[in-house]
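Secondary and tertiary structure notes
As a plain string of letters, each chain reads:
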Amino acid sequence: MVSSSRRHLLAGVGAAVTAGLAGCLDAIPRVLKRVHNRDATVTPRTDGWRSKHGGCTRRSVTTGSLTSTASPTTVLDLDDWWKGQPVFSPNQLVIPVQLPPEGESSEPSFEGLLALDSASGVEQWRFAYDKPFTTPTVVGETVFVQGATTYALDRNDGSVFWEYRSGYGYAGTAPVFVDGVVAVIAARSRSIVGLDAQTGKQLWSTPLAREYPVGIASGSENVYACTPASDDAAGELVRINPTSGDFEWRSEISDNVSTPVVGASRVYLWVGRQLVAFDKATGEQVWAESIPTATHIHPNIALDEEQCITFSDDGREHSTVIALDATTGDRQWSGPQTDNIEFGPLAMNGTHVYAPLSEEPHKIGAIDRTNGEVVDRWALPGHPLTGITIDAKTGVVVTQEDTTPSVTILTE
C-alpha cells in the first residue's frame, strides 16, 4: 500500500494525465463516434433493476428466493457462452448469446442480445451486435450493453436510444450507472469512459496509467475500477468522481485483481489469493484474508453489511462456500462443496445464499447464512456453467448437458 501523501500525489498526477490523454482521445473521431436517436429512459429506477452480480455494486444481493416446488425448464440452446451473465428486468430476462448454426453453416446463426419472458422463456426481441460477451445493465426502461460499441436499448422492443463507439470491454464486465452517468471500460485506450446516460454524450475519459482495467463497479456516489499488477509495475484500485472523471484516490495493488464489490463503507476485491477490504472514503486497506484459490480465477463475492460470502478452492475438482465477517474478515463458517466453475455468481438474500452444489445429479442449493448448512435443493438438467441469478421467485442458470450449453429457468 502507499502512504496518504503519495496517494494524494498520485491523484494529482493522475488528474493531469487524465486531462492530457483525454484531450488526445478527443481528437480521434473514430473513438468519439456517437449516434443519438432519442433520449434513453432511465427512470423510474426501482429495486428490481439488475446488472452483473445483482447490480452495479456487484454485491449479488437479491430480494427474491426460490420456492421448494420450483422446477427447471430449458428454454434456449446456445452455440457458445461468453460468460455474459443473464440478468433480470421486470418480467424479463436479458441474455447475451451466440445461437447454434443453421443448416450446413458452421457459424453462429445469431450473435447479440435476446430478451425473453422471464416466466415462459418466450422471445420478446433480439438485437444483433459483434462479440456479445459483456453482461447487460438494466436501468429504468433502458438496457445498456457493450460490444465494440456501447448501446442504450429500449427494453420494451430492443430499439436503439443511442450508441457510442467506446471500444470493447472484457468478458463478464458490465456498464455501471451512477447519478445519471453510465461508465464503461474502454480496453484499447486503457480508460474508464463516462457517458450521459440519457444521450450517450461523452462526459469524460479517465486513463488508468498502468495495465488494462479489468473490473468496474459503482456505489451511490462514485465509480470504482481496478487494474492488475504487471511484472514491472503495480496495479491500482481507484475511485473516480462520476461528474468530472477525476480521481478521488488511488491505491496500489500488488497482484492480479477481481471486479470490486462496493459496500456501505468498504470496497472488497480479490488481490491474488487474498480477499481484501479497502476503506471506501480513503482507499486504505482495512483487512486482508488469505484464502486458497486458483491464481487465474477469482470467485464471486456476495456481500451485505454483516457478511461476506465467497468460495475457497484448493485446486482440485470442487470449491467450498465460506462466510467471513464483513467488518473484520474473520472466518464464520465453511459450508458445502460446490461445482468448480469458472464463472459462478452467487445469489444472496436476507436468510440464504444460493450456489451450485457438488452433487449428482447437479443441483442448486439454498445455504443457511447462519451456519452454512444446505436447507433445500433443486435438480438441474446438466452441469452448471454459471451460478444462479434470482429475481422474485425465478432463477436462471446456464447449464450444459452433453456438449450443448443451455439457458435454464427455475420457477414454479
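Conventions used here
- Residues numbered from 1 in each chain as written.
- Predicted model: local features only at pLDDT ≥ 70, side-chain atom pairs only at ≥ 80, totals over all residues.
- Heavy atoms only, no water.
- Phe/Tyr/Trp six-rings, centres within 6.5 Å; stacked < 30°, edge-to-face > 60°.
- Helix = DSSP H or I, 4+ residues; strand = E, 2+ residues; numbered from the N terminus.
- Buried < 20%, exposed > 50% of the residue type's maximum accessible area, 1.4 Å probe, protein only.
- Lys NZ or Arg CZ within 6 Å of the ring centre and 35° of its normal.
- Salt bridge = Lys/Arg side-chain N within 4 Å of Asp/Glu carboxyl O.
- Contact = heavy atoms within 4.5 Å.
- Polar contact = N/O pair within 3.5 Å; in protein donor to acceptor, adjacent residues only side chain to side chain.

Things to note about the packing of aromatic side chains
- Per the counting criterion, the structure on display carries seven aromatic pairs.
- Here the aromatic rings of phenylalanine 127 and tyrosine 151 are separated by 4.9 Å at their centres, their planes lie at 70°, and the arrangement is edge-to-face. Separated by 24 residues along the polypeptide, phenylalanine 127 in strand β6 (residues 123–128) and tyrosine 151 in strand β9 (residues 150–154) bring together distant segments of the chain.
- Judged by relative accessible area, phenylalanine 127 falls into the buried class, the value being 12%.
- Overall, the relative accessible area of 13% leaves tyrosine 151 in the buried class.
- Aromatic rings pair up to connect Phe127, Tyr129 and Tyr151 into one cluster.
- Positioned above the aromatic ring of phenylalanine 110, the side-chain terminus of arginine 126 is 4.7 Å from the ring centre.
- Positioned over the ring face of phenylalanine 247 is arginine 250, at 4.2 Å from the centre of the ring.

Some thoughts on the pattern of salt bridges
- Tallied over the entire structure, the rule returns ten salt bridges.
- Put simply, arginine 331 and glutamate 289 hold a salt bridge, and the shortest N to O gap is 3.7 Å. Here the residue arginine 331 occupies a position in strand β26 (residues 331–339), and glutamate 289 occupies one in strand β22 (residues 285–290), the gap between them amounting to 42 residues.
- According to the relative accessible area criterion, arginine 331 is partly exposed, its value standing at 39%.
- On the accessibility criterion, glutamate 289 (22% relative accessible area) is partly exposed.

With respect to the environment of alanine 128
- Relative to the elements of secondary structure, alanine 128 occurs in strand β6.
- Along the chain, alanine 128 and glutamine 98 lie 30 residues apart, while their C-alpha atoms are 9.9 Å from each other.
- Dropping the residues within four chain positions of it, alanine 128 is found in contact with Phe110, Glu111 and Gly112.

A word on unusual backbone geometry
- The amide bond that connects glutamate 360 to the next residue, proline 361, takes the cis arrangement and shows omega of -5°.
- Relative to the helices and strands, proline 361 resides in the loop between β28 (352–357) and β29 (363–368).
- For asparagine 91, which is not a glycine, the phi torsion comes out positive at approximately 60°.
- A positive phi is found at aspartate 179, a non-glycine position, where the angle reads about 55°.
- Among the secondary structure elements, aspartate 179 is positioned in the loop between β11 (176–178) and β12 (181–186).

Notes on the side chain of glutamine 146
- Of note, glutamine 146 is situated in strand β8 (residues 142–146).
- Residue glutamine 146 is classed as buried on the basis of its relative accessible area, which comes to 1%.
- Reaching out from glutamine 146, the side chain makes a polar contact with the backbone oxygen of isoleucine 185 at a distance of 2.6 Å.

Some points on the environment of threonine 394
- With respect to the helices and strands, threonine 394 occurs in strand β33 (residues 394–401).
- Separated by 16 residues in sequence, threonine 394 and leucine 410 have C-alpha atoms that sit 5.7 Å apart.
- When near neighbours in sequence (up to four residues on either side) are disregarded, threonine 394 contacts Ser65, Leu66, Phe88, Ser118, Thr389, Ile409, Leu410 and Thr411.
- For threonine 394, the side chain forms a polar contact with the side chain of threonine 411, separated by 3.4 Å.

Nothing here speaks to function; it is all geometry.
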